There are 2 protein chains.
Amino acid sequence: MSKSFDDLLAKVSTCSKKKLAVAVAQDKPVLEAVKAAKERGIADAILVGDEAEIKKIADEIGMDLADYEVIHEADVQEAALIAVGLVHDKKADMYMKGIIDTKSFLKSILNKERGLRTGRPLSHVAVFDIKGIDHLLFLTDVAFIPYPTLEDKVNIINSTVDVCHACGIDMPKVAPIAAVEVVNPKMPCTVEAAELTKMNEEGQITGCIVDGPLSMDLAIEPEAALHKGATDRKIVGDADVLLFPDIHAGNLVYKVLVHTTEFKNGCILTGTSAPAILTSRSDSFETKVNSIALAAVVADAMAKQN
Amino acid sequence: MSKSFDDLLAKVSTCSKKKLAVAVAQDKPVLEAVKAAKERGIADAILVGDEAEIKKIADEIGMDLADYEVIHEADVQEAALIAVGLVHDKKADMYMKGIIDTKSFLKSILNKERGLRTGRPLSHVAVFDIKGIDHLLFLTDVAFIPYPTLEDKVNIINSTVDVCHACGIDMPKVAPIAAVEVVNPKMPCTVEAAELTKMNEEGQITGCIVDGPLSMDLAIEPEAALHKGATDRKIVGDADVLLFPDIHAGNLVYKVLVHTTEFKNGCILTGTSAPAILTSRSDSFETKVNSIALAAVVADAMAKQN
């Protein structure tokens, strides 16, 4: 069971070596992360994009292209379709965004012939290893679905629980969180949190324990459950997954963690047939490498299921 | 200008001594905070409640009741009305909740004859001094108004700006925050953030600089503004006030700060004719004392205006 990013990296070393397909790879920060992932034994990569530009950056950062397959395609949209097609055809295990706009990257994922569509909507999970919290926290959805419906939330839980299982967390505790820990008919997210809990009890959401609505303190602080006399709940400060009411709550918490705590983190897209990595310019180098490691662990679990 | 709680406490020592009226004072954690506030020269207090019970707790914690005025009233609702009436009649400067349920405490504040009503709705501000951030952050509303309307947000800004001014921040920067820093018609809070910005530019919201929508990183991280090329904005990582889209976003951020960062904080109710302190069981001793200090600074500013 991975309780930290160090555990996750140790887990990667026990998996068969995975391969990234990078869409429009001529991006320095992305190539730096790809190079580190290779050096640390996390993943190999196929670089799709403008070969001359890739070569130029590789020279700058001391990256030996002899270690990588490079596919030349100067057109951005076509490079993405080639890269995603490699994953679709199982010639690579994970798909990663290079210097292509997010919209076009997602379009390639949703391509009907060569993409990574599944029945589920795309969502996003951010995995945090925070100083002072003794296990990984899976935050979702902090980046993708603005105002998830109840059905979206079921899908988000299912996709995130798959990621938890891949990380060795066999029965993750999922907390649909809100400002309060009791159902308030005037707060729709608390009503939906209770519905998700009921669906879990009735076996419609499986592989996890859902308990909501929960306030943040009851979700992540064991002592708060004691103080509030909430020790009869299924989650008592030991939540693995924080399911946010909407993107604003999720994203604001995500960024406040990034800017005020000591942490390691990694993020992947979910709801895809293979893990996809969509890091942003503001993500640190280590976040990019950790995201590749997280994707490799998830790709390994997917390969074992098929 | 107060940039930390230490500054705020230094500021209190320059004010004339203020007096608390405590509603239903027979509560050990509240009396401990009141005792510390007295000892540190922050505020005196009038204790309204069951005198025998107050005496019993005072003996336990080594509090000399000779230093305080005690008004005996065993009935909870009546004790609150007496305490709030003292503030209404200017015999005390701040109103503090003891062992009375929140609903009854608020009812006393809203009492037409003896309460602390103003034209504005009640709201709440949490003031944070976070390690790594070089100035105070005013978070609002994380506890009170579930889904503020545009009009509520104008009132919340006005009430919070008054608190900033009392703390010596003459032209606070107010960031209506969201998941994104651009207006998206599908995200109502981003549209309202732009409207608040416009109202500020047109002089309908004064005494502050409003700039929104802003993402959390652009609001609190100066480097993020540089990275994102957003240096032409009025707020570049130096927001004083974080205005949240709703109570869930606000409360979840508030609690994640409490549980994962090194901080000092204090909270008061706003929209009242005198500062009111409504701390919760889960607030630490220091948070309660800091809240009294914050209230004292605000009461002093109010007294100077009248």
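As the structure is a prediction and not an experimental result, all values here were calculated from the model.

1. So, the interface of chain B and chain A
Then, in step 1: Between chain B and chain A, the contact holds 34 residues from the first and 34 residues from the second.
Then, in step 2: Interface of chain B and chain A: buried area, both sides summed, is about 2800 Å²; carbon and sulfur atoms make up 72% of it.
Then, in step 3: For the chain B face of the interface with chain A, the top three residues by lost area are B:H248, B:L252 and B:H259, together amounting to 22%.
Then, in step 4: For the pair chain B and chain A, the interface holds two salt bridges.
Then, in step 5: The salt bridge involving B:D217 is made with A:K255; its shortest N-O contact spans 3.6 Å.
Then, in step 6: Where chain B meets chain A, there are four residue pairs in polar contact (both at pLDDT 80 or more).
Then, in step 7: At 11 residues, the largest contribution of residues to the side of chain B that touches chain A is made by helix α10 (residues 247–260) of chain B.
Then, in step 8: Across the side of chain B that touches chain A, the residue classes break down as 20 nonpolar, seven polar and seven charged.

2. Looking at helix α1 (residues 5–12) of chain A
Residue and element names in this part refer to chain A.
Then, in step 1: By the burial criterion, the buried members of α1 are F5, L8 and V12. One side of α1 carries all its buried residues, which in axial view fall inside an arc of 55°.
Then, in step 2: Packed against the buried residues of α1 are β5 (123–130), β10 (263–270) and α11 (285–305).
Then, in step 3: Measuring from the side-chain oxygen of the N-cap residue of α1 to the backbone nitrogen of D6 gives 3.3 Å; that N-cap residue is S4.

3. Focus on the environment of A:L150
Then, in step 1: Turning to its location among the elements, A:L150 is positioned in helix α6 (residues 150–166).
Then, in step 2: Along the backbone, A:L150 and A:L196 are 46 residues apart, and their C-alpha atoms lie at a distance of 7.8 Å.

4. Considerations on the relation of the copies chain B and chain A
Then, in step 1: For the pair chain B and chain A, the superposition axis carries a translation of 0.0 Å, the fit reaches an RMSD of 0.0 Å, and the rotation angle comes to 180°. Overall, the copies show the geometry of a two-fold rotation axis. Scanning chain B for the C-alpha nearest the rotation axis identifies B:A249, at a separation of 1.9 Å.
Then, in step 2: Comparing interface residues between copies, 100% of those in chain B also lie at the interface in chain A; the contact surface is shared.

About the criteria used
Residues numbered from 1 in each chain as written. Chains lettered and ligands numbered in written order. Predicted model: local features only at pLDDT ≥ 70, side-chain atom pairs only at ≥ 80, totals over all residues. Heavy atoms only, no water. Contact = heavy atoms within 4.5 Å. Buried area = accessible area lost by both parts, 1.4 Å probe. Salt bridge = Lys/Arg side-chain N within 4 Å of Asp/Glu carboxyl O. Polar contact = N/O pair within 3.5 Å; in protein donor to acceptor, adjacent residues only side chain to side chain. Helix = DSSP H or I, 4+ residues; strand = E, 2+ residues; numbered from the N terminus. Nonpolar A, V, L, I, M, F, W, Y, C, P; charged D, E, K, R; others polar. Buried < 20%, exposed > 50% of the residue type's maximum accessible area, 1.4 Å probe, protein only. Arc of directions from axis to C-beta. Least-squares fit on C-alpha atoms with pLDDT ≥ 70 in both.

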